[in-house]
Amino acid sequence: MNRASIVADVRKAFGERITEVDEAALEPFIRCEPATWPELARFLKDRCGLDMLVCLSGIDRGKGVGLEAVYNVERCDAQRAGIAVKIRVPYEDAVIPSVETVWRTADWHEREAWDLLGIRFAGHHNLVRILCAEDWEGHPLRKDYKSPDRYHGIKNNVV
Amino acid sequence: MSETLDQELMLGTESPLQDNILITQVDKLINWTRRSSVWPMTFGLACCAIEMMATGASTYDIDRFGSGPFRATPRQADLMIVAGTVSHKMAPRVKRLFDQMPEPKFVLAMGACTVSGGPYIKHGYHVLKGVDRIVPVDVYVPGCPPRPEALLEGLFRIQEKMERERLFDRTRVGARPKILVE
Ligand code: SF4
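Keep in mind that what you see is a predicted model, and the values were worked out from it rather than measured. (Residues numbered from 1 in each chain as written. Chains lettered and ligands numbered in written order. Predicted model: local features only at pLDDT ≥ 70, side-chain atom pairs only at ≥ 80, totals over all residues. Heavy atoms only, no water.)

Teacher, can you tell me more about the site of the ligand here?
Close to the ligand lie B:Ala46, B:Cys47, B:Cys48, B:Gly84, B:Thr85, B:Gly111, B:Ala112, B:Cys113, B:Pro119, B:Gly143, B:Cys144 and B:Pro145, which account for all nearby residues. Here the shell around the ligand is composed, by residue class, of eight nonpolar, four polar and no charged. (Near = heavy atom within 4 Å. Nonpolar A, V, L, I, M, F, W, Y, C, P; charged D, E, K, R; others polar.)

Here it is in structure tokens:
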């Protein structure tokens, strides 16, 4: 099974619910709404055999666009056919259903995206910070983030 | 030498010490032993730790100066080489390890990160801007990372400081650096 047939399968099964497909891009991707995601994830894993979540990236696309999560999924065989799935959410309502039960890798990756960008993954069993200290405030990789002047009384912004 | 002392020291008749008397100041003796076996704590936080390992390896061989045994516990260490980026999350742990070391203890800040925040000084929201904000630093070794020679030079500075220690001056007035409070 190669990428073209994966895309064809997904298109056939989901139709209009796949909002964008770009196979010419450097990293070919499909796009969907958050509501479609749990079903699509199951489909990709069980029907297309994409059994490895290689990477989950969070991106701040800036004002007017919002936050984005990119999932790179691959097949664990010699051909390593794979696809990226992109999901975009507005700042005010940055919620994406969790897929940690589909791919176990998603557990820590979702925590990281929550920690650094503030994307909430609904249904995650333990959505707490993973890199920053537990009592850190804000999400550091957001474009409008200001680092704290002091942390526990220690001066932080020195220049 | 009297016979009893000879026996106490278990010196045979052939010993070269037999006809000699060794005199030294207790201070000097203790400082000499101390500076000849500065045991650092195993403490690598980031890229600088690689250079610290190189310093321990055969080319630079820190063992020549008595600092080969990197201890895995603060209780057995005299010197804390903070090698690497200290994040705000790590800072309390560094402080606790320092507190667990027995006196006299020394801190060597290795690399730009521990000296001042280094490459992270402006945009490193999570990086402690200099480890001297949490523990008193005796010697700063700048560089990103410092070469092993520089680290050895830092060790010699620590040894010089140790030689100035006085046995009954528990407070070590003037010797102990201050924590930076801003
Ligand atoms: S000073 Fe440079 S080499 Fe050392 S820990 Fe910092 S970034 Fe790494």
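Hey, could you run me through helix α6 (residues 148-163) of chain B in this one?
Quick reminder: α-helices carry 3.6 residues per turn. Residues three or four places apart thus point the same way. Residues and elements named next belong to chain B. Its 16 residues place the ends of α6 23 Å apart at the C-alpha level, agreeing with the 22 Å of an ideal helix rising 1.5 Å per residue. Every buried residue of α6 is listed here: Pro 148, Leu 151, Leu 152, Gly 154, Leu 155, Ile 158, Gln 159, Lys 161 and Met 162. Seen end-on, α6 carries its buried residues on one side only, within an arc spanning 165°. Its buried side turned inward, α6 meets α2 (26-36), α3 (48-56), β2 (79-83), β3 (106-110) and β4 (139-141). (Helix = DSSP H or I, 4+ residues; strand = E, 2+ residues; numbered from the N terminus. Expected span 1.5 Å × (residues − 1). Buried < 20%, exposed > 50% of the residue type's maximum accessible area, 1.4 Å probe, protein only. Arc of directions from axis to C-beta. Contact = heavy atoms within 4.5 Å.)

Where do I start with the interface of chain A and chain B in this structure?
Many descriptions give the size of an interface as the accessible area lost when the pieces come together. Tallying the contact residues gives 17 residues for chain A and 13 residues for chain B. Summing both partners gives a buried area of about 1200 Å² for chain A against chain B, and 63% of it is carried by carbon and sulfur. Looking at the side of chain A facing chain B, the largest losses of area belong to A:Ile154, A:Asn156 and A:Val158, adding up to 35% of the total buried there. Our count for the contact surface shared by chain A and chain B stands at zero salt bridges. When grouped by side-chain class, the residues that make up the side of chain A that touches chain B number 12 nonpolar, two polar and three charged. (Buried area = accessible area lost by both parts, 1.4 Å probe. Salt bridge = Lys/Arg side-chain N within 4 Å of Asp/Glu carboxyl O.)

It is not clear to me how the pairing of strand β4 (residues 67-74) of chain A should be interpreted in this structure. Could you clarify?
Within a regular strand, side chains alternate between the sheet's two faces. Residue and element names in this part refer to chain A. Most of β4 is tucked away, with seven of its eight residues classed as buried. Across eight bridges, the pairing between strand β3 (residues 52-60) and β4 is antiparallel. Along β4, the bridge assignment pairs Gly 58 with Ala 69. Examined bridge by bridge, β4 and strand β5 (residues 82-89) share eight bridges and lie antiparallel to one another. Paired with Val 73 across the two strands is Ile 83, which belongs to β5. (Pairing = 2+ DSSP bridges.)

Can you walk me through the sheet that holds β2(B) in this structure?
Residues and elements named next belong to chain B. Taken in spatial order, the four strands line up as β1-β2-β3-β4 in an open sheet, and their pairing is parallel. For this open sheet the edge positions go to β1 (40-41) and β4, each flanked by a neighbour on one side alone. As paired strands, β2 and β3 are joined by five bridges and run parallel to one another. Its bridge partner being in β3, Ile 81 is matched across the sheet by Leu 108. Here α3 sits on the sheet in contact with β2 and β3, set at roughly 130° to β2. (Axes fitted to C-alpha atoms, helices over the stretch in contact; angles between N-to-C directions.)

So what exactly am I meant to see when it comes to the pairing of β3(B) here?
All names here are of chain B. Most of β3 sits out of view: five of its five residues are buried. With burial as the criterion, each face of β3 is covered, one bearing Phe 106, Leu 108 and Met 110 and the other bearing Val 107 and Ala 109. Handedness of the crossover joining β2 and β3 through helix α4 (residues 91-100): right-handed. In this structure, β3 lies alongside β4, joined through three bridges in parallel fashion. Within the sheet, the bridge partner assigned to Ala 109 lies in β4 and is Tyr 140. (Right-handed = clockwise from strand over helix to strand, strands pointing away.)

Could you clarify how one ought to interpret the sheet that holds β5(A) in this entry?
Consider a sheet: its strands pair through backbone hydrogen bonds, and that pairing is either parallel or antiparallel. All names here are of chain A. Sheet architecture is open: five strands sit in the order β1-β2-β5-β4-β3, paired in mixed fashion. On the outer flanks of this sheet lie β1 (18-22) and β3, each paired with one strand and no other. Across the sheet, the mean angle from the axis of one strand to that of its neighbour is 20°, orientation sign disregarded. The strands touched by helix α2 (residues 37-46) are β1, β2 (29-32), β4 and β5; relative to β5, the strand with the most contacts, the crossing angle is about 175°. Each of β3 and β4 is contacted by helix α3 (residues 106-117), which is oriented at about 5° to β3, the strand it contacts most.

Before we go on, may I ask you to explain the side chain of A:Lys86 in this structure?
Residues and elements named next belong to chain A. Within the secondary structure, Lys 86 sits in strand β5. Of the side chains bearing the opposite charge, Glu 68 lies closest to the buried Lys 86, which forms no salt bridge; the N-O distance is 4.4 Å. Beyond its immediate chain neighbours, meaning those up to four positions away, Lys 86 contacts Phe 29, Ile 30, Arg 31, Cys 32, Arg 61, Glu 68, Ala 69 and Val 70. (Lys, Arg positive; Asp, Glu negative; His and termini not counted.)

In this structure, what is going on with the nonpolar core? I would like to understand it.
In globular proteins that are soluble, nonpolar side chains generally tend to be buried together. All names here are of chain A. Within the largest apolar cluster, 35 residues are counted, with the highest numbers of intra-cluster contacts made by Val 10, Trp 37, Leu 40, Leu 44, Tyr 71, Val 85 and Ile 96. Of all the secondary-structure elements, those providing two or more residues to this core are α1 (3-14), β2, α2, β3, β4, β5 and α3. It is α2 that provides the largest number of residues to this core, a total of five residues. (Core = buried A, V, L, I, M, F, W, Y, C linked by side-chain atoms within 4.5 Å.)

Could you clarify how one ought to interpret the layout of surface pockets in this entry?
In this structure, the second largest pocket occupies an estimated 190 Å³ of space. Surrounding the second largest pocket, 14 residues form its lining, A:Tyr151, A:His152, B:His88, B:Lys89 and B:Pro92 being those nearest its centre. For the lining of the second largest pocket, the element with the highest residue contribution is α4(B), accounting for four residues. Along the lines of polarity and charge, the residues of the lining of the second largest pocket split into six nonpolar, two polar and six charged. (1 Å grid on protein atoms, 1.4 Å probe; cavity = no way out; pocket = protein on both sides within 12 Å on 5 of 7 lines; lining within 4 Å. Points joined across faces, edges and corners; volume = space filled by probe spheres on them.)

Structural measurements only, silent on function.
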